[in-house]
Amino acid sequence: MKNAPAASSPKPQNSVDLRPMANAIRALAMDAVEKAQSGHPGMPMGMADVATVLYSKFLKFNPQDPQWPDRDRFVLSAGHGSMLLYALNYLTGYEAVTLEQIKNFRQLGALTAGHPEVEHHAGIETTTGPLGQGISTAVGMALAERILNARFGDDLVDHYTYVIASDGDLQEGISHEACSLAGHLALRRLIVLYDDNGISIDGPTSLSFTDDTPKRFEAYGWDVQTVDGHDFDQIQAAIAKARQTSGPALICCKTHIGYGAPTKQDSASSHGSPLGTEEIKGTREKLAWPHAPFSIPEDILSWWRKVPSAPRPPETNGTPATPDSLYTKWQARLRKSDQRAEFEAALRGDVAKVIGPIIQDLKKSIAEKKPKDATRKCSGNVLEKLIPALPTLVGGSADLTGSNNTQIKGPAIVTKAGYNGQYIYYGVREHGMAAAMNGMALHGGVIPYGGTFLIFTDYCRPSIRLSALMNQRVVYVMTHDSIGLGEDGPTHQPVEHLASLRAMPNLLVFRPCDGIETAEAWELALNHKTSPSVLALTRQGLPTLAPGSAENKSAKGAYTLKESGGKPQVTLFASGSEVSLTHQAYETLVAEGYAVRLVSAPCLDLFWQQNEDYIQHFLRNDSLKIAVEAAGRESWDRILGHDGVFIGMKGFGASAPAEDLYRHFGITPDAIVDAVRDRLG
């Protein structure tokens, strides 16, 4: 549909009436939801005024170069209100977000998905929808900005992270973890605009949410303001003040959900359902918006398209600024910068040429010395070599640094007194840590890794899932991976976790058997730029068994560690700590005359990505298949079929020394040998 005739004569950009600009957002939101017969019109209509001020007066961005590294980041944490973001990006001129995309809201193949899905070229910085994730991811973006600013200076890195968050975002526990961390680290370039509309799906938020939100955030160390979310002057003054604070800022915007709807404003009925044709008709009358659905008057669209050229707060030297001028000046500074090559390399994130020789040297050394170390210690040894060579590699732990072996001596700690470090103390905030790492990865220039116990992937899981969904390189160092952790007992012993994580699409789960496979796992995790990885690592020491060859054997996911020769009667599969137990059984079986193939399977996810011939080499034969893993069976059924044998866990663990637990649960070399004898005689 063509745009309607101009509603009024063009005005200078600095004297434009913001109300019709905001009403354009409202109209697109209610029209798109109505056409789709699905969606959430209330929030975009309520926050349109706030968003209009943010975009037209403050946001530094360039729709012609959506991935400009020094752009401000905008995160719509209230992802259910996705039409707010799509309307803004269409109106401001992102090429990928066309009017046809708006009309195809929530339809198959459209960029305009029901909840925002990361598309940097379309101005969508992160995937949101699971409440609490956006605001927590934004903390990681703001942290990455400070880390890179400390490394490259104001000339190359000097931007803000803005968030629009809802009541639901602040109710989710992850928001506490992340916002507490943001306050602790004094992330002063983080500004959250809270849509305080008093309405939830069930009705008034007073049904379940009576927190004193301003006091809560003040306790975190945030600057807090409260404004009328429909008063342009108040909104502008509040954002201007928030940009000058010494820590993160929260602006509580008192708004009317479904603003302008004659009977559904301030009602839960406007939250998650189309308004209906009669209500939309009344809204158009109330907003003095007589234009047809999806029709934006030429003058209003022109005002929006000129937003990137509109005045912004002056630069630190007092020079008037617009996003266009800031972009041009930044490009000039980059061209002249002595740090250009290093900066651009950090953003590309290609590390293969750097880490390849390091991993080879490590494997050679391990193969020669054959240590009997826990794989968590092996991982720490790998980091000792990688971190000095990769300034972009920034790690941390959720208060388990010594147990996770995630920190090395030398690099500085990231603190509010200095962000030029490579290690973050996240505190007991596993979920917040995971979301923040997503934000750092999305921001670019940082490769995040973080540690906790494997059992606590339960606390991280929603963020791990988003890592996978968004194709982000985030490395989760998860130690204490089985009953092998011993006396801490079943509350800390993972059983179902490996199978659960392996079931997640686009997540690589590594469970290395020794130092060589651990080094290989790190190499693969860092080279897979579009997948997150979990490194499941042991507490107990393990012998060195993998070959120290130049080839990364773990890249195949599973490979033959040993075979006796001839047509195999038995194929033994194992991962991690159980490879050494299975190796002992292999030696016994071979001595008894069985033809045996021993397969180490450090990453089943990669194994299933191999070509069919490689997979069938291990599976399409008459051998007895036995899988051994101190976890649940579910990951292995595809390999074992109905006739295979699984030796592992059938229930929760117990509190006892590791050796006793392995015997108690029947995960022993003798159990493997007995299974073969029972089947083959």
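Quick caveat: nothing in here was measured; it's all calculated off a predicted structure.

A. Expanded view of the pattern of salt bridges. For the coordinates displayed, the defined rule picks out 30 salt bridges. Between Asp-373 and Lys-377 there is a salt bridge, with its nearest N and O atoms 3.7 Å apart. On the accessibility criterion, Asp-373 (17% relative accessible area) is buried. Arg-677 is the partner of Glu-592 in a salt bridge, and the nearest nitrogen-oxygen pair spans 2.4 Å. Of this pair, Glu-592 sits in the loop between α21 (578–591) and β18 (596–600) while Arg-677 sits in helix α26 (residues 669–680), and the two are 85 residues apart along the sequence. Residue Glu-592 is classed as partly exposed on the basis of its relative accessible area, which comes to 39%. Using a relative accessible area of 36% as the deciding quantity, one classes Arg-677 as partly exposed. Overlapping salt bridges bring together Asp-481, Arg-502, Arg-511, Glu-578 and Glu-629 as one network.

B. Inspection of the sheet that holds strand β20 (residues 645–648) at higher detail. Pairing is mixed across the open sheet formed by 5 strands, whose spatial order is β16-β18-β17-β19-β20. Edge positions in the open sheet fall to β16 (559–563) and β20, since each of these has one partner strand only. The sheet shows a mean angle of 20 degrees between the axes of neighbouring strands, taken without regard to direction. Packed onto the sheet, α21 meets β16, β17 (570–574), β18 and β19 (624–629) and runs at close to 170 degrees relative to β18.

C. Seen up close, the environment of Ala-219. Of note, Ala-219 is situated in helix α8 (residues 213–220). Residue class for Ala-219 comes out exposed when judged on its relative accessible area of 67%. As a C-alpha pair, Ala-219 and Gly-183 span 36 residues in sequence and 8.7 Å in three-dimensional space.

D. Fine view of the sheet that holds strand β14 (residues 533–537). Strand order in the open sheet made by the 6 strands is β10-β9-β11-β12-β14-β13, with parallel pairing throughout. Lying at the two open borders of the sheet, with one neighbouring strand each, are β10 (423–425) and β13 (508–510). Sheet twist, expressed as the mean angle between neighbouring strand axes with direction ignored, is 20 degrees. Sheet topology places strand β9 (residues 393–397) next to strand β11 (residues 447–453); 3 bridges connect them, and they run parallel. Note on β11: the bridge partner recorded for Ser-397 is Gly-451. In the packing of helix α20 (residues 515–527) onto the sheet, contacts are made with β9, β11, β12 (475–479), β13 and β14, and the angle to β14 comes to roughly 165 degrees.

E. Fine view of the packing of helix α14 (residues 352–369) against helix α15 (residues 375–389). Their axes nearest at 10 Å, the elements α14 and α15 cross at an angle of 150 degrees. By the angle between their directions, the pair α14 and α15 is classed as roughly antiparallel. Here the hand of the crossing between α14 and α15 comes out right-handed. Contacts from Val-354, Ile-355, Ile-358, Ile-359 and Leu-362 of α14 reach α15 at Asn-381, Val-382, Lys-385, Leu-386 and Ala-389. Of the residues that constitute the contact of α14 with α15, the class distribution is 8 nonpolar, 1 polar and 1 charged.

F. Region of the structure containing the nonpolar core. Within the largest apolar cluster, 73 residues are counted, with the highest numbers of intra-cluster contacts made by Leu-143, Leu-187, Leu-190, Trp-222 and Met-440. Contacts of Met-440, omitting those with residues within four sequence positions, involve Gly-140, Met-141, Leu-143, Ala-144, Ile-147, Ile-424, Tyr-426, Val-446 and Pro-448. Listed in part, the 67 residues of the second largest apolar core include Leu-88, Ile-191, Phe-232 and Trp-303.

G. Layout of the packing of helix α3 (residues 82–91) against helix α11 (residues 298–305). Interaxial distance between α3 and α11 falls to 8 Å at its minimum, and their mutual angle equals 90 degrees. Between α3 and α11, the crossing angle belongs to the class labelled roughly perpendicular. Contact residues: Leu-88, Tyr-90 and Leu-91 in α3; Leu-301, Trp-304 and Arg-305 in α11. Taken together, the residues of the contact of α3 with α11 break down into 5 nonpolar, no polar and 1 charged.

Parameters and conventions
- Residues numbered from 1 in each chain as written.
- Predicted model: local features only at pLDDT ≥ 70, side-chain atom pairs only at ≥ 80, totals over all residues.
- Heavy atoms only, no water.
- Salt bridge = Lys/Arg side-chain N within 4 Å of Asp/Glu carboxyl O.
- Buried < 20%, exposed > 50% of the residue type's maximum accessible area, 1.4 Å probe, protein only.
- Helix = DSSP H or I, 4+ residues; strand = E, 2+ residues; numbered from the N terminus.
- Pairing = 2+ DSSP bridges.
- Axes fitted to C-alpha atoms, helices over the stretch in contact; angles between N-to-C directions.
- Contact = heavy atoms within 4.5 Å.
- Parallel < 35°, antiparallel > 145°, perpendicular 65-115°, else oblique.
- Left-handed = near helix turned anticlockwise from the far one by under 90°.
- Nonpolar A, V, L, I, M, F, W, Y, C, P; charged D, E, K, R; others polar.
- Core = buried A, V, L, I, M, F, W, Y, C linked by side-chain atoms within 4.5 Å.

Everything listed here is a matter of geometry and, on its own, says nothing about what the molecule does.
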